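Chain by chain, the residues:
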Amino acid sequence: MPRDDEQVRDEIERAETLLSDLGPGNEPVAGAHAIEAVQAVVGLYGECLARMVERAGPDLVREFARDELVSHLLLVHDLHPVSVEDRIGEALAEVRTAFGAESLRLLDVQAGVAVLEVAVRGCQSTAAQLRGSAREVVLAAAPELDDVEIRAVAPEPSTVIPVEDLFPVGER
């Protein structure tokens, strides 16, 4: 929620004071003030962005969020219009399609970690590629996460048709 104009004016004044304290002769306090000044400026940019998002409406904000750089900026200021779970779900749908992996799903997101469940048929290298791709797309879709945990589960057994059932009775 955007701050009111009086709060913003106070923040601008604070940033200006901090920046002026970075001048020559103030070396002992310059480091701490530099960090505070950057934080104040970033906060002001976030405030500007919040006001723009508020006025833009949900469709335009979703369009903004499709741009990788803008998406990161929206995340920094907690303004991203798409939940982390929905972003992960969209990313996993792409991996499912690429690998034909029906059993790849998000179990939970907690304390900066997305927990995925995957069941893969086939060779170990395919399973490793699937896990690597899933990890990569999840972290790209949700850069605010610290990690991705992947839990492997045994795939459900497939129905095998006996060879003799493939031929008509007279041809056996």
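The structure displayed is predicted, hence computed values, not measured ones. (Residues numbered from 1 in each chain as written. Predicted model: local features only at pLDDT ≥ 70, side-chain atom pairs only at ≥ 80, totals over all residues. Heavy atoms only, no water.)

**Student:** If you had to explain the packing of helix H5 (residues 84–99) against helix H6 (residues 124–141) to someone new, which residues and values would you point to?
**Tutor:** For the pair H5 and H6, interaxial distance at closest approach is 9 Å and the crossing angle is 150°. It follows that H5 is roughly antiparallel to H6 by the angle criterion. Judged by the twist between their axes, the crossing of H5 over H6 is right-handed. Here Arg87, Ile88, Ala91, Leu92, Val95 and Phe99 of H5 lie close against H6, whose contacting residues are Thr126, Gln129, Leu130, Ser133, Ala134, Val137, Val138 and Ala141. Here the residues of the contact of H5 with H6 are counted per class, giving ten nonpolar, three polar and one charged. (Axes fitted to C-alpha atoms, helices over the stretch in contact; angles between N-to-C directions. Helix = DSSP H or I, 4+ residues; strand = E, 2+ residues; numbered from the N terminus. Parallel < 35°, antiparallel > 145°, perpendicular 65-115°, else oblique. Left-handed = near helix turned anticlockwise from the far one by under 90°. Contact = heavy atoms within 4.5 Å. Nonpolar A, V, L, I, M, F, W, Y, C, P; charged D, E, K, R; others polar.)

**Student:** Give me the pattern of salt bridges: which residues, what numbers.
**Tutor:** Per the stated rule, a full pass over the model turns up nine salt bridges. Of the charged contacts, one joins Asp147 and Arg135 as a salt bridge, the two residues approaching to 3.2 Å between their closest N and O atoms. Residue Asp147 is located in strand S3 (residues 147–152), and its partner Arg135 is located in helix H6; the two are separated by twelve residues in the primary sequence. Overall, Asp147 belongs to the partly exposed group, its relative accessible area being 37%. The class for Arg135 is partly exposed, based on a relative accessible area of 32%. (Salt bridge = Lys/Arg side-chain N within 4 Å of Asp/Glu carboxyl O. Buried < 20%, exposed > 50% of the residue type's maximum accessible area, 1.4 Å probe, protein only.)

**Student:** Just give me the short version of the layout of surface pockets, but keep the residues and values in it.
**Tutor:** In this structure, the largest pocket spans a volume of roughly 480 Å³. Every residue lining the largest pocket is counted, 17 residues in all, and those nearest its centre are Ala65, Arg66, Arg87, Glu90 and Ala141. Looking at the lining of the largest pocket, the elements with two or more residues in it are helix H3 (58–65), helix H4 (68–76), H5 and H6. Looking at the lining of the largest pocket element by element, the count peaks at four residues for H5. (1 Å grid on protein atoms, 1.4 Å probe; cavity = no way out; pocket = protein on both sides within 12 Å on 5 of 7 lines; lining within 4 Å. Points joined across faces, edges and corners; volume = space filled by probe spheres on them.)

**Student:** Let's hear about the packing of H3 against H4: which residues, and what values?
**Tutor:** The N-to-C vectors of H3 and H4 enclose an angle of 115°; their axes lie 7 Å apart at closest approach. It follows that H3 is roughly perpendicular to H4 by the angle criterion. Contacts between H3 and H4 pair Val61, Phe64 and Ala65 from the former with Val70, Ser71 and Leu74 from the latter. In terms of residue class, the contact of H3 with H4 is built from five nonpolar, one polar and no charged.

**Student:** Can you break down H6 residue by residue, with the values?
**Tutor:** With 18 residues, H6 extends 26 Å between its outermost C-alpha atoms, agreeing within 8% with the 26 Å of an ideal straight helix rising 1.5 Å per residue. Buried within H6 we find Ala127, Leu130, Ala134, Val138 and Ala141. Buried residues of H6 fall within an arc of 70° about the axis and therefore sit on the same side. Exposed side chains of H6 directed beyond 90 degrees from the buried face belong to Gln124, Glu136 and Ala140. Where the residues of H6 are buried, they touch H5, strand S1 (104–110), strand S2 (113–118) and S3. (Expected span 1.5 Å × (residues − 1). Arc of directions from axis to C-beta.)

**Student:** Talk me through the environment of Glu144; I want residue IDs and the actual numbers.
**Tutor:** Note on placement: Glu144 falls in the loop between H6 and S3. In this structure Glu144 comes out as partly exposed when scored by relative accessible area, which is 36%. Spatially, the C-alpha atom of Glu144 lies 8.8 Å from that of His72, the residues being 72 residues apart in sequence. Setting aside residues no more than four positions away along its own chain, Glu144 makes contact with Leu75, Val84 and Arg87.

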